[in-house]
Amino acid sequence: MKKHNFSAGPCILPQEVLKKASDAVLNFNGIDLSLIEISHRSKEFVEVMENARGLVKELLDLPEGYSVLFLQGGASLEFLMAPYNLLKVDGKSAYMDTGAWSSKAIKEAKLLGEVDVFASSKDKGFNYIPKNYTLPTDVDYVHVTSNNTIYGTQLKEFPKTDSLLVCDMSSDIFSRQLDFSQFDLIYAGAQKNMGPAGTTLVVVKDAVLGKTGRTIPAMLDYQVHISKDSMFNTPAVFPVYVSMLTLQWLKDLGGISEIEKINKAKADLLYVEIDRNPLFKGFAEKNDRSLMNVTFSLTDESYKEAFDKIWNADGISGIKGHRSVGGYRASIYNAMPIESIQILVNAMQQLEKQ
Ligand SMILES: Cc1ncc(COP(=O)(O)O)c(C=O)c1O
């Protein structure tokens, strides 16, 4: 049965990428060896790493002066690496608190220095993005989470600051056009719009590094990883390879400007139905709705069993909401075809007819 995978991450990847990736596990580029049994220093893999890094720069349209790294430890380790690399000894950072992931980032930053939480949407269960905040000016960097995977909210405007700007883009990188050069540091776990879990993309402006005055353990030091071309230790070869394939898929499709149009059409289809169908209501405030994670619930919980039966029968998977929000969450990342969203919309309409 065809499955429609709405999982929040790890999540859907393009079929052609999965096919190429599985071929490479058996016989990589016709060399009669598996991708995962060759040296990461081999000519073949070094080429993969270089291609992947080049594609990131090209797709994000980064100016000179940025380094691209594929690290490990997930976005969760970046919660610590960001302050290690950007926060001065005795320095202060500023965080926008838009949910569980930013709260975790704040907790790590507090290990290294003072944190000013300049805005939070905790008062309403994180169903909106704070606005009209006053940004502190005495901080080394400002940290935001561009897309809140759990709550289905997304930043449309980024803080304008003279401090460094850091962004956790784990769940919406490569999904919409932004001026990526406004950020000094971007990080994202691969397992949403890029590849399998196991590698983390880091994009960092070289000029901001090496200024903290603190001793940084080698594995946490961006400058160490940059000096070794992202091969200070053995990189996650398979996740990096699959990420490269996905980035190539995106480039062939027309890049971020094209996927953004598709993503808008996909999200529109679902949000229009949530707003139209009296049996459903959205979780996030309308202006802050995410193009990637659509959170909604039934207006009458007694229909839950009937609705769950319908979507299960249609091959829909992964739409159970996060335990802290409840209801449903349809994650509609880059690789999700609009046809699958139509199946979900049909299921919602079928419930209404019943
Ligand atoms: C926005 C955001 N930040 C951080 C993380 C944590 O990522 P990881 O599991 O790669 O550490 C997630 C995971 O879902 C996320 O959605």
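Look up: the structure comes first, before these words.
Since this is a predicted model, take the numbers as computed values, not measurements.

A. Geometry of the nonpolar core. By size, the foremost hydrophobic cluster in this structure holds 55 residues, and its most contacted members are F45, V56, L60, F70, F174, L201 and V203. At 9 residues, helix α6 (residues 237–253) tops the list of elements feeding residues into this core. With sequence-adjacent residues up to four places away left out, F45 is seen in contact with L35, I38, S39, H40, M231, P235, V237 and V240. If you look at the next biggest cluster of nonpolar residues, it comprises 32 residues, including A267, F296, Y328 and I332.

B. Summary view of the site of the ligand. The local shell around the ligand consists of G74, A75, S76, F79, W101, T145, N147, T149, D168, S170, Q191 and K192. Within the side chain of T149, one N or O atom sits 2.5 Å away from an oxygen atom of the ligand. Here a nitrogen atom of the ligand and a side-chain polar atom of D168 are 2.6 Å apart. In terms of residue count, helix α3 (residues 74–86) provides more of the shell around the ligand than any other element does, 4 residues in total. Here the residues of the shell around the ligand are counted per class, giving 3 nonpolar, 7 polar and 2 charged.

C. Structural view of the sheet that holds strand β3 (residues 92–97). Taken in spatial order, the 7 strands make up an open sheet running β2-β10-β9-β8-β5-β3-β4, and their pairing is mixed. Two strands close off the open sheet at either side, each with one partner strand: β2 (66–71) and β4 (114–120). Neighbouring strand axes in the sheet, compared pairwise and without regard to direction, differ in orientation by 15° on average. Here strand β9 (residues 185–189) runs beside strand β10 (residues 200–205); their pairing, made up of 5 bridges, is antiparallel. Opposite Y187, over in β10, you have V202 as the bridge partner. In this fold helix α4 (residues 100–109) packs onto β3, β4, β5 (141–145), β8 (164–168) and β9, with an angle of close to 165° to the strand it touches most, β3.

Each value, and the rule that gives it
- Residues numbered from 1 in each chain as written.
- Predicted model: local features only at pLDDT ≥ 70, side-chain atom pairs only at ≥ 80, totals over all residues.
- Heavy atoms only, no water.
- Core = buried A, V, L, I, M, F, W, Y, C linked by side-chain atoms within 4.5 Å.
- Buried < 20%, exposed > 50% of the residue type's maximum accessible area, 1.4 Å probe, protein only.
- Helix = DSSP H or I, 4+ residues; strand = E, 2+ residues; numbered from the N terminus.
- Contact = heavy atoms within 4.5 Å.
- Near = heavy atom within 4 Å.
- Polar contact = N/O pair within 3.5 Å; in protein donor to acceptor, adjacent residues only side chain to side chain.
- Nonpolar A, V, L, I, M, F, W, Y, C, P; charged D, E, K, R; others polar.
- Pairing = 2+ DSSP bridges.
- Axes fitted to C-alpha atoms, helices over the stretch in contact; angles between N-to-C directions.

Everything listed here is a matter of geometry and, on its own, says nothing about what the molecule does.
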